[in-house]
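Report on the structure
Residues per chain, in single letters:
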Amino acid sequence: MTDRKLPHPLISIIPVVVLIGLLAVAIALFGSDSLSGGSQIALVMGMAVCVLISTTIYHVPWKAFEDQMTKTMGGIFITILILLSVGMLSGSWMVSGVVPTLIYYGVQILSPRFFLVSACAICALVSLLSGSSWTTIATIGVALLGIGDALGVSEAWTAGAIISGAYFGDKMSPLSDTTILASSSTRVDIFKHIRYMMYTTVPTISIALIIFLIAGLGRGSEGALHVEEYTLGLSSTFNISAWTLLVPIVTGVLIARQVSSCIVLFASSIMAGIMALILQPHLLTQIANDASLGTAAALTKGLAITYYGSTAIDTGNASLNDLVSTGGMAGMLNTVWLIICAMCFGASMVASGMLESITSVIIRWVRTRVSLVASTVGTGMFLNVATGDQFISIVLTADMFRNVYEKEGYEARLLSRTTEDAVTVTSVLVPWNTCGMTQATVLGVPTLTYLPYCFFNYLSPLMSIFIAAIGWKIKRLRPENQESQTTANQQAENPTC
């Protein structure tokens, strides 16, 4: 730590303004293809502006940026590994027939009128059990998107229902890494943290479910023709078999046993690959597309391409062809590239002191209980935009407001809950955030397309502020506890006084 002067807030906001402006230009020029290069360039340019201002005006050494980037990059290694595993899983689950079988039976069971609310509830349950919104969306979420397409439901609505449910479970599960991080960063027992979140989270998911229910009830039965076309196309292309369901069942068992996400995704991909060799050898040969190879070699090449490359399967239905095509590990590389660029921008904002300068202004506005919670929410959401990563945002939000909550006499669990309400669920709404870009890639639906329908995600921070306004289950510590905590903090900061 150094005692250098922080940049002025008006100067500090310049890189963020430049970034947002360039991202707007990239989206306007390239649309959903902006993730293929335009957004990455915008992040690098924003970083360059930050470094230029810091080194020339405030004399921040380049070594400070290098050190912070190295520290930040080390923290996202597992994220990149998970992304590559998701790429393997998406390809293998599709070609093996797992997702086509789920779609085949799902379109015949689920009603178009109740599909949206069912999709949200199913993803909420799976995510609650697994503790991972990413795993939920990459597996059952992809299948539900296909079912929704067959039922004639807009992909934007379906993606919104899937993401709303998945992030509810991610937020409330004791297995979730964000839940663990938020509670540990604020020094709150994890189960105490989860119980306290129920006061804001249960009303929010209830509102979201009601919206999805009403939206579904307003639908007709126009999806019937799509169902027949999809079931015919799937059954004529894939060997639809209940045996393929062994893969998601075993995957569910691994999740229930709290096996690491990376191991679960990799093991599930291997199981799906074996299933593809047994049930879909004709598709692997088609994917290999090499008549000179023998049967065994063709199957091996087809499986390898399924894992790492793009696959195009002809079902006789153009819209179904788009659904069953996958990108494998290679399809995740643009996302990996974007994550690296986002982390570099976030690291430069931290190393320069600009991020601290901006957030210090927000903290100055704290006057009441509502302004305290609103400031925390605003800071958390801003950090999601500025750093591009929910884990960094959770830690920074907790660190910046911990002493403020203690000084004002509020329980630490109020900070832990507000941090999750603000950061965890809104990260997926930012196109260049690790969550936003990942889910857009996995579902094949641009972030700005599904954003208006992620009701749970953007109602959560508003609910947090509303609950603070009415003061429900929010209490201050007793004066003597407040005084003793403040004294303890002062002694910790000045041990030799």
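Basis of the calculations
- Once a new chain begins, its residue numbering starts again from 1 and follows that chain's sequence as written.
- Predicted model: local features are reported for residues with pLDDT of at least 70 only, side-chain atom pairs are reported and counted for 80 or more only, and whole-chain, interface and lining totals are derived from all residues.
- To get the side-chain values, all heavy atoms of the structure are used, and hydrogens and water are removed first.
- A helix here means a DSSP run of H or I that spans at least four residues, while a strand means a run of E at least two residues long, and both kinds are numbered starting from the N terminus.
- Residue contacts follow a heavy-atom distance rule, with two residues in contact if any of their heavy atoms lie within 4.5 Å.
- Looking at any residue, its pLDDT shows the predictor's confidence there, from 0 to 100.
- Here, expected helix span is obtained from the residue count minus one, scaled by 1.5 Å.
- Buried residues of nine kinds, namely Ala, Val, Leu, Ile, Met, Phe, Trp, Tyr and Cys, make up a nonpolar core once their side-chain atoms join them within 4.5 Å.
- Any residue under 20% of the maximum accessible area for its type is buried, any over 50% is exposed, and the rest in between are partly exposed; the area is computed with a 1.4 Å probe on protein chains only.
- The criterion for an aromatic pair is that two Phe, Tyr or Trp rings (for Trp, the six-membered ring) have centres within 6.5 Å, with stacked assigned to planes under 30 degrees apart, edge-to-face to planes over 60 apart and tilted to the rest.
- Distance thresholds for patches are 9 Å for like charges and 5 Å for nonpolar side chains (Val, Leu, Ile, Met, Phe, Trp, Tyr), applied to residues having over 30% relative accessible area and no salt bridge.
- Only the protein chains shown count as cover for residues, and the accessible areas themselves come from Shrake-Rupley with a 1.4 Å probe.
- Think of a salt bridge as a Lys or Arg side-chain nitrogen and an Asp or Glu carboxyl oxygen that are within 4 Å of each other.
- None of His or the chain ends enter the tally, which takes Lys and Arg as positive and Asp and Glu as negative.
- The atoms used to mark charge sites are NZ of Lys, CZ of Arg, CG of Asp and CD of Glu.
- Whenever a helix is involved, its axis is fitted only over the stretch in contact; in every case the axis is a line through C-alpha atoms, and angles between N-to-C directions fall within 0 to 180 degrees.
- Should the near helix be turned counterclockwise from the far one by less than a right angle, the crossing is left-handed, whereas a clockwise turn marks it as right-handed.
- Put simply, Ala, Val, Leu, Ile, Met, Phe, Trp, Tyr, Cys and Pro go in the nonpolar bin, Asp, Glu, Lys and Arg in the charged bin, and everything else, Gly too, in the polar bin.
- A 3.5 Å cut-off defines polar contacts: any pair of N or O atoms within that distance qualifies, except that in protein one atom must be a possible hydrogen donor and the other a possible acceptor, and neighbouring residues in sequence count only when both atoms are side-chain atoms.

So, about the side chain of Thr-418. Looking at the element boundaries, Thr-418 is found in helix 22 (residues 412-424). Filtering out sequence-adjacent residues up to four positions away, Thr-418 remains in contact with Val-373, Thr-376, Val-377, Tyr-405 and Ser-464.

A residue-level look at the protein chain finds 92% of positions with pLDDT of 70 or above and a mean pLDDT of 84. Per-residue pLDDT, averaged within each element of the protein chain, yields its smallest value for helix 26 (residues 479-493) (44) and its largest for helix 25 (residues 455-470) (96). Across residues 480-497, confidence stays below pLDDT 50; counting only partners more than four residues off in sequence or on other chains, it has 9 contacts.

Turning next to helix 20 (residues 369-387). For an α-helix, the turn length of 3.6 residues means that residues three or four places apart are oriented alike. Helix length check: helix 20 (19 residues) gives 27 Å between terminal C-alpha atoms against 27 Å at 1.5 Å per residue, within 8%. Gly-388 sits one or two positions beyond helix 20 and adopts a positive phi of about 75°.

So, about the nonpolar core. Judged by nonpolar contacts, the single largest core of 114 residues is most densely connected at Phe-115 and Tyr-167. Considering each element in turn, this core owes the most residues, 11 residues, to helix 18 (residues 333-352). Sequence-distant contacts of Tyr-167, that is, excluding residues within four places in its chain, are made with Ser-133, Trp-134, Ile-137, Thr-424, Val-425, Ser-427, Val-428, Cys-435, Gln-439, Phe-456 and Asn-457. Of all hydrophobic cores here, the second largest spans 20 residues; its members include Val-366, Val-404, Leu-414 and Leu-415.

This model, assessed by the stated rule, comprises 11 aromatic pairs. When the centroid spacing of 6.0 Å and the interplanar angle of 80° are considered together, the rings of Phe-168 and Phe-456 count as edge-to-face. You can see Phe-168 sitting in helix 9 (residues 155-172) and its partner Phe-456 sitting in helix 25, a full 288 residues away along the chain. Phe-456 carries the same exposure label as Phe-168, and that label is buried.

Looking now at a positive patch on the surface. A cluster of basic residues, Lys-192, Arg-195, Lys-473 and Lys-475, forms a positive patch on the protein surface. Along the polypeptide, Lys-473 turns up in the loop between helix 25 and helix 26.

What follows is about the packing of helix 14 (residues 261-279) against helix 16 (residues 295-308). Put simply, helix 14 and helix 16 touch, their axes get as near as 11 Å, and they point 145° apart. Note on packing geometry: the crossing formed by helix 14 with helix 16 is right-handed. Counted together, Ser-269, Ile-270, Gly-273 and Leu-277 of helix 14 and Leu-299, Leu-303 and Tyr-307 of helix 16 form the full contact between these two elements. Considering only residue class, the contact of helix 14 with helix 16 consists of 5 nonpolar, 2 polar and no charged.

Within the secondary structure, Val-153 sits in the loop between helix 8 (133-150) and helix 9. The exposure class of Val-153 is buried, given its relative accessible area of 5%.

Looking at where Ser-241 falls in the secondary structure, it is placed in the loop between helix 12 (224-237) and helix 13 (246-256). Under the relative-accessibility criterion, Ser-241 is labelled buried at 13%. Among the polar contacts listed, one links the side chain of Ser-241 to the backbone nitrogen of Trp-243, at a separation of 3.1 Å. Apart from residues lying up to four places away in sequence, Ser-241 is in contact with Thr-101 and Leu-279.

Per the counting criterion, the structure on display carries 5 salt bridges. Between Lys-171 and Asp-421 there is a salt bridge, with its nearest N and O atoms 2.2 Å apart. Highlighted residues: Lys-171 in helix 9 and Asp-421 in helix 22, separated in sequence by 250 residues. Each member of the pair, Lys-171 as well as Asp-421, carries the same accessibility label: buried. Taking the shortest distance from any N to any O, the salt bridge between Glu-411 and Arg-413 comes out at 3.1 Å. Exposure class is identical for Glu-411 and Arg-413. Each is buried.

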